[in-house]
Amino acid sequence: MKGHDWINTCLPDELIVEIFRRLDSKSSRDSCSLVCNRWLRLERLTRSSIRIGATGSPDLFVQLLASRFSNVTAVHIDERLSISLPVQLGRRRVTGENSPASSLKLRYVNHKNGSSSEDSDFDSLCLSDTGLAALADGFPKLEKLRLIWCSNVTSHGLSSLAWKCVYLKALDLQGCYVGDQGLAAVGQCCKQLEDLNLRFCEGLTDKGLVELAIGVGKSLKSLGVAACAKITDISMEAVASHCGSLETLSLDSEFIHNQGVLAVAKGCPYLKSLKLQCINLTDDALKAVGVSCLSLELLALYSFQRFTDKGLRAIGKGCKKLKNLTLSDCYFLSDKGLEAIAIGCKELTHLEVNGCHNIGTLGLESVGKSCQHLSELALLYCQRIGDLGLLQVGKGCQFLQALHLVDCSSIGDEAMCGIAAGCTNLKKLHIRRCYEIGNKGIIAVGDNCKSLTDLSIRFCDRVGDGALIAIAEGCSLHYLNVSGCHQIGDAGLIAVARGSPQLCYLDTLGDMAMAELGENCPLLKEIVISHCRQITDVGLAHLVKSCTLLESCHMVYCSSITSAGVATVVSSCPNIKKVLVEKWKVSQRTERRAGSVISYLCVDL
């Protein structure tokens, strides 16, 4: 019967809540919450996580959210974000000069001297201990908390939260200047803590981390420490003694030496993931890991200069379960070290070699011969790796799904043909500044790799339209980036548009291609047309006519696009979230309509 509410009169709260929980998108749930007051109240009960930025007084924002969303278990507060407090939250129930809504002003007068205070302005944009206390009072069921660069939070606020949020399982304090007292309180109260990130927590010393390890050692499974100048081997020895169940450890410190890592290796035998960027470590540390951490699955070594192939031999000999290896700027590693890994770690699925200038073709050949389960390979700035290495990967690694090549000047079409012939399951191919790769190699990929959905060939100036046409005939792309490929024109991009109806991201094209995109790619969400002088307002109009899902458009240095084209994008795309353009191309009317959607590139005229 028209006008009769059959749902609210027949369905109990519990059933409507369960329906809301099964909605697969936030936008759908937001829409349902606007139907009536009852649905608004019930939908709030289903929210389990919130994300807060700095703009608009986060302390007040936390108080308002805590009074409305009682079942939240995960909170993410990042002061690098800019998420304004909705005006209606501060207007309906809270009014008057002395109300909390008055604190929404970003600038206010210092009543002692009648002047504007920059310090007060800064404080109003930062989460403080007051906000943290409100968070603890409002979300007692909290399990996950991320406080990213919340510089005004102190040990006092962290202690008050720890006493009330005893079910906390994951805590990220990146960039927070908390001290030992707060960390000790977490160790004393949060006995279920499993995941702790202490990156850039400069106020901590060994005392705080030792007390935490003693308090939550039985539950702690993941620990990250970076740029904490007062954290030394003493803390690592405490972790080794009390955190026997630790599975993940990330260390980035010049104050950690062999002593600390040796202790962790012996005391944490169940370690599965180890990331190290500690310039004072030597082969002895890796030898200890190879002997004791037999469950290790991920190893990442960054900017090491004091260990050699001996350390990798120990890993290859002992860590038979290793699946993921990253070697970045490890100058003293050679083909022999990579060969030891390949022979010993046959379960390897992910390999990244970045800037290791002594690793060449022979090392990669060993991987191709021994690591049959390899699914992702990244070779970055590897000048000594040539075609023969990738040819062997093509022969031996038939399950390869992702290949990344950056500044590999010795790799050319022959290598790409070998990969295409042997790795027919390839889904992602990212190539940048590999100038020996041309049409022949990319055409081979299009002919053989029918599952390819993600292609980036940036600054490969030997690749032209013929290659893209072959890709379009063989693959249905979701992502394409061809910036810097000057031989690619509308013909290749039109072919991709017609053959890839699920395309979501595209970089670089012209008016004709824009028209084809508008007609054939309705799912497009991101487009980068910067530096495309051939694109005009007409092309933009064709694009936005059908691409109603467009969320991001970058169009700087497009000399043929005017303010009318910018207005067309803003007014025709209901989902648009970001438009990057020069300020002088935006009219006042468009600026008012778009608001924070538009980001400006400063250009000197």
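Quick caveat: nothing in here was measured; it's all calculated off a predicted structure.

Enquirer: Is there a simple way to think about the overall build of the protein in this case?
Expert: A tally of helices and strands in the protein yields 26 helices and 23 strands. Over its C-alpha trace the protein gives a radius of gyration of 28 Å, about what one expects of a compact globule, namely 25 Å for 605 residues. With respect to the three principal axes, the spread of C-alpha positions in the protein is 75 × 65 × 60 Å. When burial is assessed residue by residue, the protein has 52% of its 605 residues classed as buried. Accessible surface for the protein amounts to roughly 27500 Å². Of this, 51% is attributable to carbon and sulfur atoms. In the protein, which carries 64 positive and 62 negative side-chain charges, the distance between the mean positions of the two groups comes to 5 Å.

Enquirer: Looking at this structure, I do not really get the packing of aromatic side chains. What am I missing?
Expert: Any pair of aromatic rings gets described here by the distance separating the centres and the angle formed by the planes. Applying the stated rule across the entire model yields 3 aromatic pairs. Aromatic pair Phe20 and Trp39: ring centres 5.6 Å apart, planes at 75 degrees, arrangement edge-to-face. Residue Phe20 is located in helix 2 (residues 13–21), and its partner Trp39 is located in helix 4 (residues 37–46); the two are separated by 19 residues in the primary sequence. A relative accessible area of 2% places Phe20 in the buried class. Taking NZ or CZ as reference, Arg44 lies 5.9 Å from the ring centre of Phe69, over its face. In this arrangement the basic side chain of Lys583 is found over the ring face of Tyr600, its NZ or CZ atom lying 4.3 Å from the centre.

Enquirer: Sorry, what's going on with a positive patch on the surface here?
Expert: Taken together, Lys287, Lys310, Arg313 and Lys336 make up a surface patch of like positive charges. Considering the arrangement of structural elements, one finds Lys336 in helix 16 (residues 335–344). For Lys336, a relative accessible area of 55% corresponds to the exposed category.

Enquirer: Got a minute to help me understand helix 23 (residues 511–520) in this structure?
Expert: Since the α-helix advances by 3.6 residues per turn, residues separated by three or four positions end up pointing in the same direction. Among all positions of helix 23, only Ala513, Met514, Glu516, Leu517 and Gly518 are buried. In this fold, the buried residues of helix 23 make contact with helix 22 (490–499), strand 19 (505–507), strand 20 (526–528) and helix 24 (537–546).

Enquirer: I tried to follow unusual backbone geometry on my own but got confused; where do I start?
Expert: Excluding glycine, residues mostly carry a negative phi; peptide bonds, for their part, are mostly trans. Positive phi, close to 55 degrees, is recorded for Trp149, a residue that is not glycine. By the element assignment, Trp149 lies in the loop between strand 5 (144–148) and helix 9 (155–164). If you check the backbone angles, Phe459 has positive phi at about 60 degrees while not being a glycine.

Enquirer: Can you walk me through the UniProt feature "domain: COI1 F-box" (unreviewed entry) in the protein in this structure?
Expert: As annotated in UniProt, the feature "domain: COI1 F-box" (unreviewed entry) corresponds to residues 11–48 in the numbering used here. With 71% helix and 0% strand, residues 11–48 has its two end C-alpha atoms placed 23 Å apart.

Enquirer: Sorry if this is basic, but what is going on with the UniProt feature "domain: F-box/LRR-repeat protein 15-like leucin rich repeat" (unreviewed entry) in the protein here?
Expert: Annotation from UniProt places "domain: F-box/LRR-repeat protein 15-like leucin rich repeat" (unreviewed entry) at residues 124–290 and 293–476. Helix makes up 38% of residues 293–476 and strand 19%, with an end-to-end C-alpha separation of 43 Å.

Enquirer: What's the story with the pairing of strand 13 (residues 350–354) in this structure? I'm lost.
Expert: Side chains on a regular strand alternate between the two faces of the sheet. Looking at chain direction, strand 12 (residues 324–328) and strand 13 are connected through 5 bridges and run parallel. By the bridge assignment, Leu327 is partnered in strand 13 with Val353. You can see the chain leave strand 12, run along helix 16 and come back into strand 13, and the turn it takes is right-handed. As judged from the 5 bridges shared by strand 13 and strand 14 (residues 376–380), these two strands associate in the parallel manner. Bridged to Glu352 within strand 14 is Ala378. Traced from strand 13 through helix 17 (residues 361–370) to strand 14, the parallel crossover comes out right-handed.

Enquirer: How should the environment of Ser530 be read in this particular structure?
Expert: Position of Ser530 among the secondary structure elements: in the loop between strand 20 and helix 24. Separated by 23 residues in sequence, Ser530 and Asp507 have C-alpha atoms that sit 8.2 Å apart. For Ser530, the residues in contact, after removing those within four places along its chain, are His554, Met555, Val556 and Cys558. A polar side-chain atom of Ser530 sits 3.3 Å from the main-chain amide nitrogen of Val556.

Enquirer: Just checking my understanding: could you explain the nonpolar core for this structure?
Expert: Across soluble globular proteins, you tend to see nonpolar side chains buried next to one another. Leu379, Leu390, Ile529 and Met555 are the most contacted members of the largest nonpolar core, which has 175 residues in total. Among all residues touching Leu379, those that are not within four sequence positions of it are Val353, Leu364, Ile385, Leu390, His404, Leu405, Val406, Cys408 and Ile411. Judged by nonpolar contacts, the second largest core, of 6 residues, contains Ile16, Phe20, Cys32 and Trp39.

Enquirer: Please explain helix 3 (residues 26–33) as it appears in this structure.
Expert: Of the residues making up helix 3, those classed as buried are Arg29, Cys32 and Ser33. Viewed along the axis of helix 3, the buried residues span an arc of 100 degrees, placing them on a single side of the element. Buried-residue contacts for helix 3 involve helix 2 and helix 4.

Enquirer: Teacher, can you tell me more about the pairing of strand 22 (residues 578–582) here?
Expert: With respect to burial, strand 22 is a largely interior element, 4 of its 5 residues being buried. Regarding topology, helix 25 (residues 563–572) serves as the crossover connection from strand 21 (residues 552–554) to the parallel strand 22, and that connection is right-handed. As defined by bridge partners, strand 22 adjoins strand 23 (residues 598–601) across 4 bridges and the pair is classed as parallel. Residue pairing for strand 23: Val581 is matched across the bridge by Tyr600. Regarding topology, helix 26 (residues 588–594) serves as the crossover connection from strand 22 to the parallel strand 23, and that connection is right-handed.

Rules used throughout
Residues numbered from 1 in each chain as written. Predicted model: local features only at pLDDT ≥ 70, side-chain atom pairs only at ≥ 80, totals over all residues. Heavy atoms only, no water. Helix = DSSP H or I, 4+ residues; strand = E, 2+ residues; numbered from the N terminus. Rg over C-alpha atoms; globule rule 2.2 N^0.38 Å. Buried < 20%, exposed > 50% of the residue type's maximum accessible area, 1.4 Å probe, protein only. Areas by Shrake-Rupley, 256 points an atom, 1.4 Å probe, with all protein chains shown as cover. Lys, Arg positive; Asp, Glu negative; His and termini not counted. Charge placed at Lys NZ, Arg CZ, Asp CG, Glu CD. Phe/Tyr/Trp six-rings, centres within 6.5 Å; stacked < 30°, edge-to-face > 60°. Lys NZ or Arg CZ within 6 Å of the ring centre and 35° of its normal. Patch = residues over 30% accessible without salt bridge, like charges linked within 9 Å, V, L, I, M, F, W, Y side chains within 5 Å. Salt bridge = Lys/Arg side-chain N within 4 Å of Asp/Glu carboxyl O. Contact = heavy atoms within 4.5 Å. UniProt positions renumbered as here; feature names shortened; annotations may be inferred. Pairing = 2+ DSSP bridges. Right-handed = clockwise from strand over helix to strand, strands pointing away. Polar contact = N/O pair within 3.5 Å; in protein donor to acceptor, adjacent residues only side chain to side chain. Core = buried A, V, L, I, M, F, W, Y, C linked by side-chain atoms within 4.5 Å. Arc of directions from axis to C-beta.

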